[in-house]
Amino acid sequence: MDALSHVLSLLNVESAAPSRFEAGGPWALRFPGGYRYAKFGVVLAGSCWISPKDAAPALLRQGDCWMVTSGGPYVMSSDLETRAVDAVPVFLAAESIDRVRYGDATVDTVLFGGALTFDEHNARLLLDVLPSLVHVPASSNQAEVLHMAMRLLDQETATPALGSAFMTERIVHMVFVQALRTYAATMAADGESPGGWLSALLDPQIGGALRLMHEDAARKWTVDDLATTVGMSRSTFAERFKAVVGSTPLDYLMRWRMHAASRELRETDRTVHAIAGNWGYGSESSFSNAFKRVMGTSPRAYRSRDASRSSMSGSPYHS
């Protein structure tokens, strides 16, 4: 399994409150902050502006995709001059949250959007390598798959049929993954870097090393092993890996192991000793030291704390 698939498997990505939004004439809606963990959308027809509090406004055209990852407020609007009103009452007043109309009777712009929720324990794995606003233009070289998915979204939300809710959720996941792919590829083509492991996936050799580590995370990898396997000298490999990913190869591997192990601690009743062995640690103490370094607490305390939180909240998104 490749690194992106592994990270996404830890995130438990789910879409929440998706809706089709149709607007006409001048309009501007202000969406509140405080959501967890990303807002996403696609432009099915027309165009509009998105203005996050902590990023420059961006013009969104038909076929474009966007994500706001900062958790902060943002405005969606037909232009930058119209005064924004609160979006929440508008959506609450709609006959159906699945399809909301606003503004003039003539529809100029059609959007589809909602929230993407991630496992709170591992959300930073992705959010730390993304800017507060991800804008994927329809003109991107890698965007053709997005266009096909958007056509399906338009069809499923314009004329819902049997199983539309199920279909829509699956298409949202496809759009999310393809948007990440397209964003990373577009940044690389422009000579920029998304940062972290997302950048590394686009490097044939460093990306190859990440794939090896994710495919066999329990193996006792050495820097020499990884460098030889991807056809690089040890020093060149170590230098490039740190420049691209932002950490040493073995530090990256340790952090990945601990995030994966944390899910086992939360979701299974396996002993700490068994989990340690599953992730390549010969002793529980060495595993515990590594876990505390990455997660800030011991495995046993982490499991106890999570069990306590779950019993109080009943939801992994309790704040």
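Residues numbered from 1 in each chain as written. Predicted model: local features only at pLDDT ≥ 70, side-chain atom pairs only at ≥ 80, totals over all residues. Heavy atoms only, no water.

**Regarding the packing of aromatic side chains**
Between two aromatic rings, the relevant description is the distance of the centres plus the angle of the planes. Summed over all chains, the structure comprises 11 aromatic pairs. For the pair Tyr281 and Phe287, a centre-to-centre distance of 5.7 Å together with 65 degrees between the ring planes defines the contact as edge-to-face. Pair check on accessibility: Tyr281 and Phe287 agree, each one buried. Put simply, the rings of Phe21, Trp27, Phe31, Tyr74 and Phe91 touch in pairs and so form one group of aromatic residues. Directly above the ring of Phe166 sits Arg170, whose terminal nitrogen or CZ lies 3.8 Å from the centroid. A cation sits over an aromatic face here: Arg219 above Trp221, 3.9 Å from the ring centre. (Phe/Tyr/Trp six-rings, centres within 6.5 Å; stacked < 30°, edge-to-face > 60°. Buried < 20%, exposed > 50% of the residue type's maximum accessible area, 1.4 Å probe, protein only. Lys NZ or Arg CZ within 6 Å of the ring centre and 35° of its normal.)

**Notes on the pattern of salt bridges**
Pairing is possible between side chains of opposite charge, provided their charged atoms come close. Taken as a whole and assessed by the stated rule, the structure comprises 13 salt bridges. Arg20 is the salt-bridge partner of Asp154, the closest N and O atoms lying 2.8 Å from each other. You can see Asp154 sitting in helix α4 (residues 144-158) and its partner Arg20 sitting in strand β1 (residues 14-24), a full 134 residues away along the chain. The class of Arg20 is buried, set by a relative accessible area of 6%. When the shortest N-O distance is used, the salt bridge between Arg255 and Asp251 registers 3.1 Å. One end of the pair is Arg255 and the other is Asp251, both in helix α10 (residues 249-267) and 4 residues apart, which spans about a single turn. Take Asp251: its relative accessible area is 14%, and that puts it in the buried class. (Salt bridge = Lys/Arg side-chain N within 4 Å of Asp/Glu carboxyl O. Helix = DSSP H or I, 4+ residues; strand = E, 2+ residues; numbered from the N terminus.)

**Things to note about the sheet that holds strand β8 (residues 85-86)**
Read across the sheet, 5 strands follow the order β5-β4-β7-β2-β8 without closing on themselves; strand pairing throughout is mixed. The sheet terminates laterally at β5 (58-61) and β8, the two strands that pair on one side only. Pairing of strand β4 (residues 47-52) with strand β7 (residues 74-77), which is carried by 4 bridges, proceeds in the antiparallel orientation. Residue pairing in the sheet places Ser51 in a bridge with Val75 of β7. (Pairing = 2+ DSSP bridges.)

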